[in-house]
Amino acid sequence: MSKSCIITVTQGDFDYIKEWIDWHYNLGINLFLIGYNGQTNDMDKLPKYDYVKYIDFSHNNDNITDSLNSYKLDQFFSYEVTEEEVSNYLMPIQESILNILHKMVLSLYKDIKYTCIIDTDEFIEITDKSYNINDFLDNYFTEYKVAIKLQMKFFNDNDLIYKDNRLCNERFTNGKFLDNKGIGNYKIILNNEHEDIIKTNILSAHTCSFYDAEYILNNNDIYLKHFFTKTLEEWISKFNINYDKDYIKRFSGSIFRNFFDFNKMTEEKIKAIPNLLSKYNVNYNPLFEFDKNFVEQYKKIHNL
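Residues numbered from 1 in each chain as written. Predicted model: local features only at pLDDT ≥ 70, side-chain atom pairs only at ≥ 80, totals over all residues. Heavy atoms only, no water.

*Asks:* Explanation requested: the pairing of strand β6 (residues 147–155) in the structure shown.
*Replies:* Look at any regular strand and the pattern is simple: side chains alternate between the two faces of the sheet. Across the nine residues of β6, eight count as buried, placing the element largely inside the fold. Across five bridges, the pairing between β6 and strand β8 (residues 186–191) is antiparallel. Within β8, the position partnered with I148 by the bridge is I189. In the sheet, β6 pairs with strand β9 (residues 215–216) via two bridges, with the strands oriented parallel. When the bridges of β9 are listed, K149 appears paired with I216. In this structure, β6 lies alongside strand β7 (residues 175–177), joined through three bridges in antiparallel fashion. Within β7, the position partnered with F155 by the bridge is G175. (Buried < 20%, exposed > 50% of the residue type's maximum accessible area, 1.4 Å probe, protein only. Helix = DSSP H or I, 4+ residues; strand = E, 2+ residues; numbered from the N terminus. Pairing = 2+ DSSP bridges.)

Put into structure tokens, the structure is as follows:
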């Protein structure tokens, strides 16, 4: 039987990463290479398994490791930004680390045939439970295929506002596939035995520099359960700079537009926003949102 691995980058995701590892190990993943670029002092919080290798890209906010701290802290939340500024946002640290991890797989783990590139809020779901991931990929990955795509199914908040202690797969049960074919709606799996993969960089989780995976697996057979927002509380908590600096520039101006793109906008949720921003020490003004409908609803509900 072939073997597979997952490579990913995280600043911790400490509340969810154990569920994510256990889920995919039970699916048949043989190896996890996880690039950790969170705080050095927090690295001991990561769950320990023989089949999980953490590659230390952590930082201490010092001159040597500052470049691993993803992005400069420039109080991006405290002033209004344009959509053009947000659209120019890139993830160079994540992409660099992913390429390093994939080179490690090719160099050190030569018996790994498949590399899955997904994030820690994405769970591979195979609808036929008689398959493990390696059997499934052996059936779908013919020799000439360099890479294949998994489509994401975006799960909503199940109308929960606040986090509880249940697993993501227990709390969130409703999701949808997006109609558009945007690059952000797919992740790729690589065939490590293909000569084109051996001689190229992957560049990102969505595309390969030598070959853009055009073959999309049928989402009736396999897909990614993407717990993108989770609850409103969990969504807002991500914007605390000590949790994930990646989100600072990624969503400024559209924090709540992104949330309500996937979740029903209700008065109860909008009422909860100020207290949750305060609870997680997020310096962000909802009135700076690009979505004018949200701004008007927010003003009305909070009598502004």
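*Asks:* How do you make sense of the environment of I198 when you look at a structure like this?
*Replies:* Position of I198 relative to the elements: it lies in helix α6 (residues 195–198). Beyond its immediate stretch of four places on either side in the chain, I198 contacts K103, L106, N192 and E193. (Contact = heavy atoms within 4.5 Å.)

*Asks:* For this particular structure, what's the right way to read the pattern of salt bridges?
*Replies:* A side chain with one charge may pair with a side chain of the opposite charge, provided their charged atoms come close. A complete count under the given rule lists 16 salt bridges for this structure. Of the charged contacts in the structure, one is a salt bridge between K113 and E193, with a shortest N-O distance of 4.0 Å. Placement of the pair is K113 in the loop between α3 (92–108) and β4 (114–117) and E193 in the loop between β8 and α6, with a sequence separation of 80 residues. Residue classification places K113 among the buried residues on the basis of a relative accessible area of 17%. (Salt bridge = Lys/Arg side-chain N within 4 Å of Asp/Glu carboxyl O.)

*Asks:* How should I be thinking about the packing of aromatic side chains in this particular structure?
*Replies:* In this description, a pair of aromatic rings is defined by centroid distance and the angle of the planes. Going through the model one piece at a time under the given rule, you end up with 27 aromatic pairs. Look at W235 and F259: their rings are 6.4 Å apart centre to centre, the planes differ by 40°, and that puts the pair in the tilted class. One end of the pair, W235, is in helix α7 (residues 232–237); the other, F259, is in helix α9 (residues 255–262), and 24 residues separate them in sequence. Take F259: its relative accessible area is 0%, and that puts it in the buried class. One aromatic cluster is present, built from ring pairs that chain together F154, F228, W235, F239, F251, F256, F259, F260, F262, Y284, F294 and Y298. Seen from the ring of F14, K45 lies directly overhead, with NZ or CZ sitting 5.4 Å from the centre. Taking the ring centre of Y186 as reference, the NZ or CZ of K149 above it sits at 5.2 Å. (Phe/Tyr/Trp six-rings, centres within 6.5 Å; stacked < 30°, edge-to-face > 60°. Lys NZ or Arg CZ within 6 Å of the ring centre and 35° of its normal.)

*Asks:* Got a minute to help me understand the environment of L33 in this structure?
*Replies:* With respect to the helices and strands, the residue L33 is situated in strand β2 (residues 31–36). In this structure the C-alpha to C-alpha distance between L33 and M104, which are 71 residues apart in sequence, comes to 8.8 Å. Among residues more than four places away in sequence, those in contact with L33 are I6, I7, T8, K53, I55, L101, M104, V105 and Y109.

*Asks:* What is the right way to look at the packing of α9 against helix α10 (residues 267–279) in this model?
*Replies:* Each pair of packed helices can be described by the angle between their axes along with the distance between the axes. Orientation of α9 relative to α10, taken along the N-to-C sense of each, is 140°, at an axis distance of 13 Å. It follows from the interaxial angle that α9 and α10 lie oblique. The handedness of the crossing between α9 and α10 is right-handed. Residue-level contacts link F256, F259 and F260 of α9 to K269, I270, I273 and L277 of α10. A class-by-class count of the residues in the contact of α9 with α10 yields six nonpolar, no polar and one charged. (Axes fitted to C-alpha atoms, helices over the stretch in contact; angles between N-to-C directions. Parallel < 35°, antiparallel > 145°, perpendicular 65-115°, else oblique. Left-handed = near helix turned anticlockwise from the far one by under 90°. Nonpolar A, V, L, I, M, F, W, Y, C, P; charged D, E, K, R; others polar.)

*Asks:* Could you clarify how one ought to interpret unusual backbone geometry in this entry?
*Replies:* Across the chain, the bulk of peptide bonds are trans and the bulk of non-glycine residues have phi less than zero. At K230, a position not held by glycine, the phi torsion is positive, near 55°. Along the chain, K230 falls in the loop between β10 (222–226) and α7. K230 gets classed as buried once you look at its relative accessible area, which sits at 3%. One non-glycine residue, N281, adopts positive backbone phi at about 55°. Along the chain, N281 falls in the loop between α10 and α11 (292–301).

*Asks:* Sorry if this is basic, but what is going on with α9 here?
*Replies:* At 3.6 residues per turn, the α-helix brings residues three or four places apart onto the same side. Counting buried positions over the eight residues of α9 gives six, a clear majority of the element. Of the positions making up α9, those classed as buried are I255, F256, N258, F259, F260 and F262. Summarising the contacts, the buried residues of α9 are in contact with β6, α7, α10 and α11.

*Asks:* Which parts of the structure should I look at to understand the side chain of K238?
*Replies:* Examined against the element boundaries, K238 turns out to sit in the loop between α7 and α8 (246–250). No salt bridge is formed by the buried K238. Its closest oppositely charged neighbour is D121, at 4.2 Å. Setting aside anything within four residues of it in sequence, one finds K238 in contact with D121, F228, K230, Y243, D244 and Y247. (Lys, Arg positive; Asp, Glu negative; His and termini not counted.)

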